[in-house]
Amino acid sequence: MSGEQAWSRLGSYLRETKLLGSIQSALYWDQNTRMPAGGAPWRGEQLTLLARQLHQRQSSDAYADLVAEGRAEWQQQKGAADLPPARIAAHGRNLDLLELELRRQQRQDPELVAALATAKAEGYDVWQQARAASDFSLFAPALRRLVSLRQEQANQLDEGRSCWETLAQPFEPDLRLERLQALFAPLRQRLPELLDQVQAAPRPRRLSWDLSPAQQQRLCDQLLQEWGRDTAITCVAESPHPFSITLGPQDFRLTTRVVEGQPLSCFLATAHEWGHSLYEQGLPDASHQWFAWPLGQATSMAVHESQSLFWENRVARSQPFAQNWWQRFQAEGAPIDSAGTLWRAMNPIAPGTNRVESDELSYGLHIMIRTDLELALLEQGLEVEELPQEWNRRYRELLGLVPANDAEGCLQDVHWSEGLFGYFPSYLLGHLVSAQLSEAMAVAIGSPEEHVARGDVAPLLAWLREHVHPIGRALNAEELVEQVSGEPLSSGAFLTYLEAKLDRLMVGREGVDGSTAERSRAVV
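Small disclaimer: the values here were computed from a predicted structure and weren't measured.

Caption draft 1: Geometry of helix α14 (residues 360-379). In this model, α14 (20 residues) spans 29 Å end to end at C-alpha, consistent with the 28 Å of a helix rising 1.5 Å per residue. Counting buried positions over the 20 residues of α14 gives 19, a clear majority of the element. The N-cap of α14, judged by a side-chain oxygen 3.0 Å from the amide nitrogen of L361 a few residues on, is D359. One or two positions beyond α14, positive phi appears at G381, with a value near 85°.

Written as structure tokens, this is what we have:
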């Protein structure tokens, strides 16, 4: 073969596979946003059919031959120096990742792949019903089925890892449980200590207020406009659980939700999901390193989360942001009379039972509870029926809170309804990555807060576009962090950031009416 014939043929095949995958994603988007409940059974069949077709394409002998031909051509070009070294390296990395995924696909029984697709569609539908009824027993059979199927999937993949580690690989490539526990260990010790300190201090009485959905939407629209949203390539909708998804080269979607009695929830969720979308929009877009090729994919979900958390926490929850925005909230009818009032409302250090609405201090505890429960379900024999009781016990021990019902407890997250075991740690790892990248950013161009104070976030995005977004799958998450920051990933930067923020929030902490606040620990 001459030129890039084999490479081009492989690229064409991958592009068709990606087209099928994007159809699957479009159906998922519709399922979460617009599909009527009665459409669930048919949608399940549609997704199962697509899963079968995708698995067949990604595991077939014809595809394996294309990958092998691409490898042979690459070896020839490498030896002859026909391509620039950077391109040779990129092609080699793409082939490494394609071969890894090919092995994973070939080891899985097509019937298992179809059964998983069906179980995920049914699980999501049943989860919505169970959550609405706040009745875990309605969801338990679907969850039991998903646990069993994922255990079988890990067994078929046979990668020399534990069940949980195997299932975590698509989210955090190369992650080992031992390494995860080492990263989490300082947090397991320090976060409860900080929580106790906060709980022992005077607790301000929080203002009770709300904004209408229309008012919240106007504020969210202003935020996205200032942060560079291009309405020609983006779409915003509502869903039970906020998420971001990419459907095509110029088609980026995100969802949010309005939570009654929590007027900042929609705004902060929009900031968070827009961070995800900005990352997707900044991934490599050069020829064959784009949509259909591994190098055009996100480095990992921890890096993905680091980007959403950066825009939510380092920008939208910052003091300079509150200074620039408080009058806008006031104009929409919020009882906000100063930047300090908005900043404290954006940063309530008041642990609750809901992960999505939690503060930066307690968020990590929410994630560690879920991670430990996943391990218990998959590897340690915890029965599905025991999950609500075990969930509540851990919340009582770590956060001093007990969910009022199943909807506020073990049914609050969508992830397990889709069998996404191994995903949750990425949220907390994202906090660590975000903090360490922010420190590197501050050294290079000044702190994020300095730029926010000037009302110009463009330099922040430009720095991320140069150092983080274009990496794609060229590195794993820890390699990316070390390349950018010069230091291995650790919890140090995050704890430094968190403790400094808590110190600022605790200054002058008193009841809103000036009286000494109660020193009690709430039970919800």
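Now, onward.
Caption draft 2: Focus on the environment of H272. Counting through the fold element by element, H272 comes out in helix α10 (residues 265-281). What makes H272 buried here is its relative accessible area of 12%. Considering only alpha carbons, one finds H272 and Y63, 209 residues apart in sequence, at a separation of 38 Å. For H272, the side chain forms a polar contact with the side chain of E312, separated by 2.8 Å.

Caption draft 3: The nonpolar core, seen in detail. W227, W311 and F329 are the most contacted members of the largest nonpolar core, which has 118 residues in total. No other element matches α14, which puts 11 residues into this core. Among all residues touching F329, those that are not within four sequence positions of it are L211, L219, L264, F267, A334, I336, L342 and M346. Formed by 16 residues, the second largest nonpolar core is a distinct cluster that contains L66, V67, W74 and L98.

Caption draft 4: Quick peek at the state of the cysteines. In this structure the tally under the stated criterion is zero disulfides. Residue C220 stays outside any disulfide, its sulfur separated by 3.7 Å from that of C266, the closest cysteine. We classify C220 as buried; its relative accessible area is 1%. Free cysteine: C235, not disulfide-bonded; nearest cysteine sulfur from C266 at 14 Å. Under the relative-accessibility criterion, C235 is labelled partly exposed at 27%.

Calculation criteria
Residues numbered from 1 in each chain as written. Predicted model: local features only at pLDDT ≥ 70, side-chain atom pairs only at ≥ 80, totals over all residues. Heavy atoms only, no water. Helix = DSSP H or I, 4+ residues; strand = E, 2+ residues; numbered from the N terminus. Expected span 1.5 Å × (residues − 1). Buried < 20%, exposed > 50% of the residue type's maximum accessible area, 1.4 Å probe, protein only. Polar contact = N/O pair within 3.5 Å; in protein donor to acceptor, adjacent residues only side chain to side chain. Core = buried A, V, L, I, M, F, W, Y, C linked by side-chain atoms within 4.5 Å. Contact = heavy atoms within 4.5 Å. Disulfide = S-S within 2.5 Å.

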